[in-house]
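Structural features, examined
Residue-level listing of the chains:
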Amino acid sequence: MDTLITSLRAFLKREQLLSQPDELLVYECDGLPQHKARPRAVVFPHSTAEVAEVMRVLMRERVPFAPRGAGTGLSGGALALGRGVVIETARMRRLLKVDVENRLAVVETGIVNALVSRAVAPHGLHYAPDPSSQPTCTVGGNIAENAGGIHCLKYGTTVDHVLGARVVLSNGEVVDLGGATGEPAGYDLLGLFVGSEGTFGIATEATLRLTPTPPAVRTLLADFKSVDDASRAVSAIIAAGIIPAALEMVDGATIRAVEASVFAAGIPLDAEAALLVELDGLDAGLDEETAHVESICLHHGARTWRRAADEAERKKLWAARKGAFGAMGRISPDLMLQDAVVPRSRLPEVLAETYRIGAKYRLPVANVFHAGDGNLHPFICFDSRNEDEVRRVKEAGREMMETCVRAGGTITGEHGVGLDKSEYLPLIFSEADLRAMLRVRAAFDPHGLCNPGKIIPAPLGCGEARAVVASKAARRRETNGGGAISDTSEVEVRQADTHGFPSSIPLVSPALNATARTQTFARTGRAFDAARAADALASIVGAEHASAGETTKDVLTVEPGSFAEACEVLRLASSEGWTVAPQGAGTWLDSQHDSGRQRVNLFVKTTRLARLVEHEPADLVATAEAGLTLARFNEQLRRADQWLPLDPPDDGRATLGGVAATAASGAHAPGYGLVRSHVLGMRVALADGSLIRAGSRVVKNVAGYDLCKLFVGSYGTLGLILELTFKLRPLPAESATLIARSGDYASLLGAAHAVSQARLFPVAAELLSPTLASAVDASHDSSDEHLLLVRFAGTRDAVVHQTTRARELLTSAASRASIEMLTDDAAVWKNLAAASVRDGARLVWRASVPPTRLADLLALLEIHAEEDGAEVSAWQAGACDGRLRVSVGTAGDDDRHVRALEKLRRTAREAGGHLVLERAGVELQQRIDAWGAKGGALILSRRLKEQFDPGGTFAER
């Protein structure tokens, strides 16, 4: 009798466990049947507690496992290799909570994607991610793969719509990542987890962002005589500043297969390509935008043009697109579906090359794909009974991947790496890049039991080949009763072939060994010879770029002029035991380096790394060095009528690297997204001087772990950001801002909520305290009136409609407020960003809560000011997204500040949010943690710090 099966049967019902060979047959593969592996068993837990208990049993037995949702994945990711166990979550499918006002839902991750939108549709909401398998795939599977779908061009992928997740780690520990707001406090553990393909743990519950259903939709179909013409039309639509909700292409072979199936939609059979375009938003201005798209397509060779007359025809067109995969069975008995992404501007040449490769290997190729984001899905048609054809399919597939990479693309945009594409990962990432990914994997799964054999190719290893031998006490804590994750016990990491996957990379232990810890703690007290250090640095960057600090000669500042110099500086600092702090404009240093927790020896400034490296308007993508200021970056982008829509606290000095490192979102986050949503790729120098690349230069990428999410918001504690690639936006044709003034901030907050709930889609709605209002608006001369700024941007007709209706709502909800409109409104928003930097306050904190809980924080803030005598210099609140940023004067002692901050933080946490210190005095920061992380999330953060910076080179926050 298998002891593992016996242990599992002890707490699972009979129908929750399969272990007989004939029962396991269906679980040998996922949606990609080319890869098969029979599991040792399949379990069907009904709750988070049962998932945790199953994983504790597997930990005791050192048995690997593979998470599985509906099994619709197309990368071999849900296979249990090495006689592992499949943990199937599809029976955990409850909708736990719907919060209409805050637009979120809490679900068990086995729920089917389409059921979420169906459940919230009566409230005028939907869940935006919509992969083609939407009727059957689960939310958990979408999280594992960071699934995209048809409408992700405008609305983003799964990571942009998951606010929080309850995760079970490999030792059975349950950890909550994220929350109810989407803005992380500390390292973005949730952003890292989404897209990790089940190699970090299993998500059992998720908090999802719900999106208002657009009031109006236009669905359009154009057919072309060639794929090349259709491809050029795609690039032209994007270059014209139009972002459709969806922009799909099907080629002639696919059209004929679909039209011969039950999904027929009346597409001309002689067409060689067709574009399916969907525009949505307010009805006002949508016809103008539709006409513009039509003219572009006609200009690029569209033969006919058709608009869906009603919802029934719209559904028919989309059924044809989503049913293309099933219809392809008419062409061939077997299909190899590839998934790669290329820059939109390179679509014509890459598509031509895919057909050439098919002809070279004597294999029919058909294309149906997400053209708007360059996500290609070539179908290679073959017969699996023909061994020679199978060999040619593999060779053709690799050549297609190589072609996409040469064009500046990546090997997967939504299907994931899994087992199928792990051998392709070195096409885009170096060994140093892959080592960095393994460090992240080791932090989440030190024992290597989570979905082994996936993503990272052998012989590099996936981390799962390490046998981790913990102290007996630590092992008891991790395997019995679900105790806390051990972050202090010493462990030994040795290489072994425990599951048949060789590994050759020695990884830092997830718990620092005693020697490393001693070095880290000794670093802060080590004597620093500034003169000797200056000479050594001058030999790298030149004497004029290595100098003593302004306030003390014991602190040096160095300005490398190249990536190589930056890496050499860090290599020297690491070997000498210096503590380093990255620095851009230096506007955030008080939040990190005046804390007294750690003495900084060396500031590494990026001011000499300030080039715009590349900007391709047709792709809406630009790459720049980290020292370039945000203001200068946007000046250069405006020449192409594009911009990076970020507005952190900035008086014109903020650098791109600083904006990314602090992840400081501004007033426009509700309309355009958080900082992390705009960062596609980066280059980072690590503590040991190695240079790694994260992400890519295309708008959609799920190849490997998204390390960009780790470094965005890390405050320079894990690495020095040297270069960034951003997703851009077209400059809006029009913008206007409504300004409402009132002494009653509660009425203004209620008015802003009314505008938000009316589906008018403001890009910003910011409530300002009287002090900040005076600094922002020159005409504001009242010392007791608050200011509400509500901004709209888009086409002229849309903005006119939005401002007219919003003014009516503001007048009704805040009857005593005075209201005016600014059409030339850029200055007021620029002043707001600058005022946040110039206030000079010594204590600055920010919080994030669901919007309906913002009033609770403001009420507590008033109590703090009245009872503790604190001088609240200024505050601003994001009425649509629940942000609050507060500057406090010097009045009040630290004891009172600590009590107030702890109470405010508790209130934020109870609401599913957080409170973060941006700037504070030395004594105050020694008494209250800057990020406020706790529990398993805190320990995971420590593990990540230890993996990336075991010697403590970068100053901690």
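Our structure's up above, just so we're on the same page.
Residues numbered from 1 in each chain as written. Predicted model: local features only at pLDDT ≥ 70, side-chain atom pairs only at ≥ 80, totals over all residues. Heavy atoms only, no water.

Helix and strand content of the chain: 32 helices and 41 strands. By the compact-globule yardstick of 30 Å for 957 residues, the chain fits well, its C-alpha radius of gyration being 28 Å. Projecting the C-alpha coordinates of the chain onto the three principal axes gives extents of approximately 80 × 70 × 60 Å. With 957 residues in all, the chain has 63% of them scored as buried. Total accessible area on the chain is roughly 33,900 Å²; 49% of this is exposed by carbon and sulfur atoms. Side-chain charges in the chain split into 105 positive and 118 negative, and the spacing between the mean points of these groups amounts to 4 Å. (Helix = DSSP H or I, 4+ residues; strand = E, 2+ residues; numbered from the N terminus. Rg over C-alpha atoms; globule rule 2.2 N^0.38 Å. Buried < 20%, exposed > 50% of the residue type's maximum accessible area, 1.4 Å probe, protein only. Areas by Shrake-Rupley, 256 points an atom, 1.4 Å probe, with all protein chains shown as cover. Lys, Arg positive; Asp, Glu negative; His and termini not counted. Charge placed at Lys NZ, Arg CZ, Asp CG, Glu CD.)

Take helix α18 (residues 530-541) next. An α-helical turn contains 3.6 residues, so any two residues separated by three or four positions project in the same direction. Here α18 is 12 residues long and its end C-alpha atoms lie 16 Å apart, about the 16 Å a rise of 1.5 Å per residue gives. Buried residues of α18: Ala 530, Ala 533, Ala 534, Leu 537 and Val 541, and no others. Take α18 and look down its axis: the buried residues cluster within an arc of 100 degrees, on one side only. Turned more than 90 degrees away from the buried face of α18 sit Ala 531, Asp 535 and Ser 539, all of them exposed. Summarising the contacts, the buried residues of α18 are in contact with β23 (546-548), β24 (556-558), α19 (563-576) and β26 (602-605). One side-chain oxygen at the N-terminal end of α18 lies 3.4 Å from the backbone nitrogen of Ala 531; it belongs to Asp 529. Positive phi appears at Gly 542, one or two residues downstream of α18, with a value of about 95 degrees. (Expected span 1.5 Å × (residues − 1). Arc of directions from axis to C-beta. Contact = heavy atoms within 4.5 Å. Polar contact = N/O pair within 3.5 Å; in protein donor to acceptor, adjacent residues only side chain to side chain.)

Positive phi, close to 55 degrees, is recorded for Arg 103, a residue that is not glycine. Inspection of the secondary structure puts Arg 103 in the loop between β5 (95-99) and β6 (104-108). Take Arg 103: its relative accessible area is 18%, and that puts it in the buried class. One non-glycine residue, Arg 759, lies in positive phi territory at about 60 degrees. Note on placement: Arg 759 falls in the loop between α25 (745-757) and β35 (764-768).

Evaluated as defined, the whole model comprises 58 salt bridges. A salt bridge links Glu 614 to Arg 697, with the nearest nitrogen and oxygen atoms 2.8 Å apart. Taken as a pair, Glu 614 in strand β27 (residues 612-616) and Arg 697 in the loop between β31 (691-695) and α24 (707-711) lie far apart in primary sequence, 83 residues in all. Here Glu 614 falls in the partly exposed class, since its relative accessible area comes to 40%. A residue is classified by how much of its surface remains accessible, and Arg 697, at 31% relative accessible area, is partly exposed. Here Glu 918 and Arg 885 are joined by a salt bridge, their closest N and O atoms 2.7 Å apart. Here Glu 918 is found in strand β41 (residues 914-919), whereas its partner Arg 885 is found in strand β40 (residues 883-888), with 33 residues between them in sequence. Salt bridges linked by common partners bring Arg 218, Asp 283, Asp 287, Glu 294 and Arg 307 together as one network. (Salt bridge = Lys/Arg side-chain N within 4 Å of Asp/Glu carboxyl O.)

Let us now look at the nonpolar core. As a rule of thumb, nonpolar side chains are buried together in soluble globular proteins. Ranked by size, the top nonpolar core spans 123 residues in total, and within it Cys 297, Phe 633, Met 682, Leu 707 and Phe 711 carry the most contacts. Contact partners of Cys 297, with chain neighbours within four places excluded, come to Ala 222, Phe 224, Ala 233, Ile 237, Leu 275, Ala 302 and Trp 305. Among the nonpolar cores identified, the runner-up in size contains 46 residues, and Ala 740, Leu 767, Leu 809 and Leu 810 belong to it. (Core = buried A, V, L, I, M, F, W, Y, C linked by side-chain atoms within 4.5 Å.)

In this structure, Asp 881 sits in the loop between β39 (872-878) and β40. Within the structure, the side chain of Asp 881 is placed 2.8 Å from the side chain of Arg 883, a separation counted as a polar contact. Setting aside anything within four residues of it in sequence, one finds Asp 881 in contact with Ala 669, Pro 670, Val 849 and Pro 851.

Let us now look at the sheet that holds strand β30 (residues 679-685). The sheet built from 5 strands is open, its strands ordered β27-β28-β32-β30-β31 with antiparallel pairing. Of all strands in the sheet, those with a lone pairing partner are β27 and β31, marking the two edges. Pairwise comparison of adjacent strand axes, ignoring direction, gives a mean angle of 10 degrees for this sheet. (Pairing = 2+ DSSP bridges. Axes fitted to C-alpha atoms, helices over the stretch in contact; angles between N-to-C directions.)

Another point: the pairing of strand β28 (residues 621-625). Among the 5 residues in β28, 5 count as buried, and that is most of the element. Residues Val 621, Thr 623 and Glu 625 of β28 are buried on one face, and the alternating residues Ala 622 and Ala 624, pointing to the opposite face, are buried as well. With 4 bridges connecting them, β27 and β28 associate as antiparallel partners. Each bridged residue has a counterpart across the sheet, and for His 615 the counterpart in β28 is Ala 622. A loop of 4 residues connects β27 with β28, the two strands running antiparallel in sequence, and Leu 620 in this loop sits at a positive phi of about 55 degrees.

Using the criterion set out here, one finds 10 cavities of 30 Å³ or more in the structure. Lining the largest cavity are 24 residues, and of these Gln 583, Gly 584, Gly 657, Gly 658 and Ala 661 sit closest to its centre. Counting residues per element, the ones that place at least two in the lining of the largest cavity are β25 (580-583), α21 (656-662) and β32 (720-727). With 5 residues, α21 is the largest single contributor of residues to the lining of the largest cavity. For the lining of the largest cavity, the class distribution of residues is 12 nonpolar, 12 polar and no charged. Taken as a whole, the second largest cavity encloses approximately 190 Å³ of empty space. (1 Å grid on protein atoms, 1.4 Å probe; cavity = no way out; pocket = protein on both sides within 12 Å on 5 of 7 lines; lining within 4 Å. Points joined across faces, edges and corners; volume = space filled by probe spheres on them. Nonpolar A, V, L, I, M, F, W, Y, C, P; charged D, E, K, R; others polar.)

Neither face of strand β3 (residues 65-68) is open: one carries Phe 65 and Pro 67, the other Ala 66 and Arg 68, and all of them are buried. Two strands pair when backbone bridges link them, and β3 and strand β4 (residues 85-88) are joined in this way by 4 bridges, in the parallel orientation. When the bridges of β4 are listed, Arg 68 appears paired with Glu 88.

With that out of the way, let us pick up the sheet that holds strand β13 (residues 246-251). Picture the strands of a sheet paired through backbone hydrogen bonds; they go either parallel or antiparallel. Strand order across the open sheet formed by 7 strands is β15-β12-β14-β13-β18-β20-β16, with antiparallel pairing between neighbours. Edge positions in the sheet fall to β15 (302-307) and β16 (334-337), since each of these pairs with one other strand and no more. Across the sheet, the mean angle from the axis of one strand to that of its neighbour is 20 degrees, orientation sign disregarded. Where β16 meets strand β20 (residues 378-382), 4 bridges bridge the pair, whose relative direction is antiparallel.

A word on α25. Look at α25: 18 Å from first C-alpha to last across 13 residues, which is about the 18 Å you get at 1.5 Å a residue. Between the side-chain oxygen at the start of α25 and the backbone nitrogen of Ala 746 there is a gap of 3.2 Å, and the oxygen is on Asp 744. Just downstream of α25, Arg 759 is the residue with a positive phi angle, here 60 degrees.

Turning our eyes to something else, we now look at the packing of helix α8 (residues 227-239) against helix α10 (residues 286-299). Their axes nearest at 9 Å, the elements α8 and α10 cross at an angle of 145 degrees. Seen from above, α8 lies across α10 with right-handed handedness. From α8, Ala 233, Ala 236 and Ile 237 reach across to α10, where they touch Val 293, Ile 296 and Cys 297. Considered class by class, the residues forming the contact of α8 with α10 number 6 nonpolar, no polar and no charged. (Left-handed = near helix turned anticlockwise from the far one by under 90°.)

Structurally, Leu 832 is set in helix α28 (residues 826-838). Classification of Leu 832 as buried rests on a relative accessible area of 3%. Distance in space between the C-alpha atoms of Leu 832 and Ala 340 is 41 Å, their sequence separation being 492 residues. Residues contacting Leu 832, with those up to four places away along its chain left out, are Ala 667, Glu 766, Leu 768, Leu 772, Val 776 and Gln 876.

On to the packing of aromatic side chains, then. Considering all chains together, one arrives at 11 aromatic pairs under this definition. A centroid spacing of 5.9 Å and a plane angle of 80 degrees characterise the contact between Tyr 745 and Trp 875, whose relative ring orientation is edge-to-face. Taken together, the residues Tyr 745 in helix α25 and Trp 875 in strand β39 connect sequence positions 130 residues apart. In terms of burial, Tyr 745 and Trp 875 fall into one category: buried. In textbook terms, an aromatic cluster arises when at least three aromatic residues are bridged by ring pairs, as seen for Tyr 187, Tyr 715 and Trp 931. (Phe/Tyr/Trp six-rings, centres within 6.5 Å; stacked < 30°, edge-to-face > 60°.)

Honestly, that's just the spatial picture; any functional story needs more than this.
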